Amino acid sequence: MTADRGDFVLAAAAEGLGVTLQPTFIAGEAIRGAELVPMLRDFQWPASPACALYPPARQLSARVRACIDYFAGHFAGTPYTDNDCENC
């Protein structure tokens, strides 16, 4: 089954209709509530990096640079959804 909504696939997995690969911001609550059980806990999933793209010939404005710096700091490290999810 494929869907463009993670919550739909999560609900199907919680009803016993299969296995799903979901980020903790979608599945964390269901894992903490024992609706889902994590699998392959020792497997290292590939990272999905984010990039900021802008024309190379132009200098960044202070606002754009501040925005990029903000997002880089905000998304660095452990996701906030993993902080209280020892079973995730």
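The following paragraphs examine the structure supplied in this document. These numbers come from a predicted model, not from an experiment. (Residues numbered from 1 in each chain as written. Predicted model: local features only at pLDDT ≥ 70, side-chain atom pairs only at ≥ 80, totals over all residues. Heavy atoms only, no water.)

**Things to note about the overall build of the protein chain**
Keep this limit in mind: A run of H or I in DSSP counts as a helix once it spans at least four residues, and a run of E counts as a strand once it spans at least two, with each numbered from the N terminus. Values of the radius of gyration come from C-alpha atoms, whereas the globule rule sets the reference at 2.2 Å times the count of residues to the power 0.38. In this scheme, a residue with accessible area under 20% of its type's maximum is buried, one over 50% is exposed, and one in between is partly exposed, where area comes from a 1.4 Å probe on protein chains only. Every residue pair with non-hydrogen atoms within 4.5 Å of one another is taken to be in contact. To be clear on the numbers: accessible area is Shrake-Rupley with a 1.4 Å probe, and residue cover counts the displayed protein chains and nothing else.
On a plain count of helices and strands, the protein chain comes out with 3 helices and 0 strands. The order of helices and strands in the protein chain, counted from the N terminus, is α-α-α. Taking 88 residues into account, the globule formula puts the C-alpha radius of gyration at 12 Å, and the protein chain, at 18 Å, lies well above it. Projected onto its principal axes, the C-alpha coordinates of the protein chain cover approximately 55 × 30 × 20 Å. The buried share of the protein chain, reckoned over its 88 residues, is 15%. Of the contacts formed within the protein chain by residues at least 6 apart in sequence, a portion of 44% connects residues at least 24 apart. Carbon and sulfur atoms form 57% of the exposed surface of the protein chain, whose accessible area is close to 7,700 Å².

**Brief notes about the environment of A27**
Within the element layout of this structure, A27 appears in helix α2 (residues 24–32). In this structure A27 comes out as buried when scored by relative accessible area, which is 5%. Taking the C-alpha atoms as reference, A27 lies 12 Å from M39; in sequence the two are 12 residues apart. Setting aside chain neighbours within four positions, we find A27 in contact with L10, Q22 and L36.

**Observations regarding the packing of helix α1 (residues 6–14) against α2**
In a pair of packed helices, the angle between the axes and the distance between the axes together describe the arrangement. Here is the rule: Helix axes use the C-alpha atoms of the stretch in contact, all axes being lines fitted to C-alpha atoms, and the angles between their N-to-C directions lie in the range 0 to 180 degrees. Angular relationships are summarised with four words: roughly parallel below 35 degrees, roughly antiparallel beyond 145, roughly perpendicular across 65 to 115, and oblique for the angles in between. Each crossing gets its hand from how the near helix is turned against the far one by less than a right angle, where anticlockwise is left-handed and clockwise is right-handed. In this count, Pro and Cys sit with the nonpolar residues alongside Ala, Val, Leu, Ile, Met, Phe, Trp and Tyr, while Asp, Glu, Lys and Arg are called charged and the others, Gly among them, polar.
Interhelical geometry of α1 versus α2 gives an angle of 25° and a closest axis separation of 10 Å. Looking at the two axes, α1 sits roughly parallel to α2. Classified by chirality, the crossing of α2 by α1 is right-handed. Of α2, the residues touching α1 (which contributes G6, D7 and L10) are I26, A27 and A30. When its residues are assigned to classes, the contact of α1 with α2 shows 4 nonpolar, 1 polar and 1 charged.

**Some thoughts on the environment of V19**
Mapped onto the elements of the fold, V19 is located in the loop between α1 and α2. Separated by 14 residues in the primary sequence, V19 and R5 have C-alpha atoms spaced 15 Å apart.

**A few points about the packing of aromatic side chains**
Rule in force here: Aromatic pairs are defined between Phe, Tyr and Trp rings, using the six-membered ring for Trp, whenever the two ring centres lie within 6.5 Å; interplanar angles under 30 degrees are classed as stacked, those over 60 as edge-to-face, and all others as tilted.
In total, this model carries 2 aromatic pairs according to the counting rule given. Here a set of aromatic residues connected by ring pairs shows up, and it is made of Y70, F71 and F75.

Such coordinate-based values are descriptive only and should not be taken to indicate function.
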